[in-house]
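Tertiary structure, described
Listed below, chain by chain, are the residues.
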Amino acid sequence: MEPARDIQRLIAIMARLRDPTTGCAWDAEQTFATIAPYTIEEAYEVADAIERGDMGELTDELGDLLLQVVFHARMAEEADDFDFGDVVHAITRKMIRRHPHVFGDEDQRSPKLAKGAWERIKSEEKAEKRAQRLAQLDIDAHTEQSSLLDDVPRALPALMRALKLQQKAATVGFDWDTAPPILDKIEEEIGELRADIAAGNERGVEEEYGDLLFAIVNLGRHLDINPEAALMAASKKFTSRFSHIEKELADQGTSPAEATLPQMEALWVEAKTKTAP
């Protein structure tokens, strides 16, 4: 089998890999649950290639991410749930529906109607899906308890999910008006964390630490800072400075494992000075 630009070739390759008799044993035994972590990992690798501006790597990583879609679609096809064509049909239908100002009739293409249409149509779609789900379960939509936060995916990375939850709550006014009160809340959470640490309350320490992280995400939201991006940048900076420590110690004929903490701290300060704006 030869590589090709046609998506059908990729679909055929995945079908061959999943064949229980002549395919790949590893691919054939996978499930939605076992593949999901790889799907998330590939999405992050796409983001990493974009952040580094590496277009060659981005080509490869987008292919890896596309493979994940094909993989899930193949498993669904085997279970007679849906196939890759259904996935394509669903997203094309969604894009056309959510952009009436582009694909609709002349009245719908008014610039005034475009504003807010995306969120309104998304809300309508979610309401329809909920009604369909309840109908399948034979549950009365008026009696089932629902929450504004129900549609925030639980599988999101923790920082991203915290941000999404806060954004949802803010739509109904459950939010601070400015950043300073959140700084006060952060100081309050730090005080509670200190108290639990001093008391040796391990469960309380973990809970207060989580509350502190949640409050910091909220501060970032009010400062228009994406917490995931900010933490990624901080990690990149840490990696660069620690690499400086390793290089300098190697030049001295030693390593971090052999150096003292004061030695490494001095080199850390040196690295900070070199990278200061």
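Residues numbered from 1 in each chain as written. Predicted model: local features only at pLDDT ≥ 70, side-chain atom pairs only at ≥ 80, totals over all residues. Heavy atoms only, no water.

Turning our attention to the nonpolar core. Soluble globular proteins: nonpolar side chains tend toward being buried together. In this structure, Ile11, Met14, Ile35, Val70, Phe71, Ala73, Met75 and Phe84 together form the largest nonpolar core, which totals eight residues. At four residues, the largest contribution of residues to this core is made by helix α4 (residues 55-78). Judged by nonpolar contacts, the second largest core, of seven residues, contains Ile182, Ile186, Ala215 and Leu219. (Core = buried A, V, L, I, M, F, W, Y, C linked by side-chain atoms within 4.5 Å. Buried < 20%, exposed > 50% of the residue type's maximum accessible area, 1.4 Å probe, protein only. Helix = DSSP H or I, 4+ residues; strand = E, 2+ residues; numbered from the N terminus.)

Attention now moves to unusual backbone geometry. The phi angle at Asp80 is positive, at roughly 60°, despite the residue not being glycine. Note on placement: Asp80 falls in the loop between α4 and α5 (84-98). On the accessibility criterion, Asp80 (71% relative accessible area) is exposed.

What follows concerns α4. Over its 24 residues, α4 extends 35 Å from the first C-alpha to the last, a length consistent with the 34 Å expected when each residue adds 1.5 Å. Inspection of α4 places Leu58, Glu61, Gln68, Val70, Phe71, His72, Ala73, Met75 and Ala76 among the buried residues, and these make up the whole buried set. Its buried side turned inward, α4 meets α1 (7-17), α2 (25-28), α3 (32-52) and α5. Here α4 starts with a cap whose side-chain oxygen sits 3.3 Å from the backbone nitrogen of Gly56, and that cap is Asp54. A positive phi of about 60° marks Asp80, the residue just after α4. (Expected span 1.5 Å × (residues − 1). Contact = heavy atoms within 4.5 Å. Polar contact = N/O pair within 3.5 Å; in protein donor to acceptor, adjacent residues only side chain to side chain.)

Here the focus is the pattern of salt bridges. Counted under the stated rule, the structure contains ten salt bridges. For the salt bridge of Arg52 with Asp54, the shortest nitrogen-to-oxygen distance reads 3.6 Å. The exposure class assigned to Asp54 is partly exposed, which follows from its relative accessible area of 30%. Residues Glu77 and Arg74 are paired through a salt bridge, measuring 3.6 Å at the closest nitrogen-oxygen approach. With Glu77 and Arg74 both in helix α4 and three residues apart, this pair spans about one turn of that helix. A cluster of three or more residues bridged by salt bridges with shared partners is formed by Arg18, Arg74, Glu77 and Glu78. (Salt bridge = Lys/Arg side-chain N within 4 Å of Asp/Glu carboxyl O.)

With that settled, consider the environment of Ala215. By secondary structure assignment, the location of Ala215 is in helix α11 (residues 202-222). When its relative accessible area of 7% is taken as the criterion, Ala215 is described as buried. As a C-alpha pair, Ala215 and Asp184 span 31 residues in sequence and 9.9 Å in three-dimensional space. Other than its neighbours up to four places away in sequence, Ala215 contacts Ile182, Lys185 and Ile186.

Our next topic: the packing of aromatic side chains. Given two aromatic rings, one states the distance between the centres and the angle between the planes to describe the pair. Per the stated rule, a full pass over the model turns up three aromatic pairs. Consider the rings of Trp26 and Tyr38, whose centres lie 5.8 Å apart with planes at 85°: the pair is edge-to-face. Of this pair, Trp26 sits in helix α2 while Tyr38 sits in helix α3, and the two are twelve residues apart along the sequence. Under the relative-accessibility criterion, Tyr38 is labelled partly exposed at 36%. Taking the centre distance of 5.4 Å and the plane angle of 50° together, the rings of Phe238 and Trp268 count as tilted. (Phe/Tyr/Trp six-rings, centres within 6.5 Å; stacked < 30°, edge-to-face > 60°.)

It is worth spelling out the packing of helix α9 (residues 158-170) against α11 at this point. With their axes 9 Å apart at the nearest point, α9 and α11 run at an angle of 60° to one another. Here α9 and α11 pass one another in a crossing that is right-handed. Of the residues in α11, those touching α9 at Leu159, Ala162, Leu163, Gln166, Gln167 and Ala170 are Phe214, Val217, Asn218 and Arg221. The residue inventory of the contact of α9 with α11, partitioned by class, reads six nonpolar, three polar and one charged. (Axes fitted to C-alpha atoms, helices over the stretch in contact; angles between N-to-C directions. Left-handed = near helix turned anticlockwise from the far one by under 90°. Nonpolar A, V, L, I, M, F, W, Y, C, P; charged D, E, K, R; others polar.)

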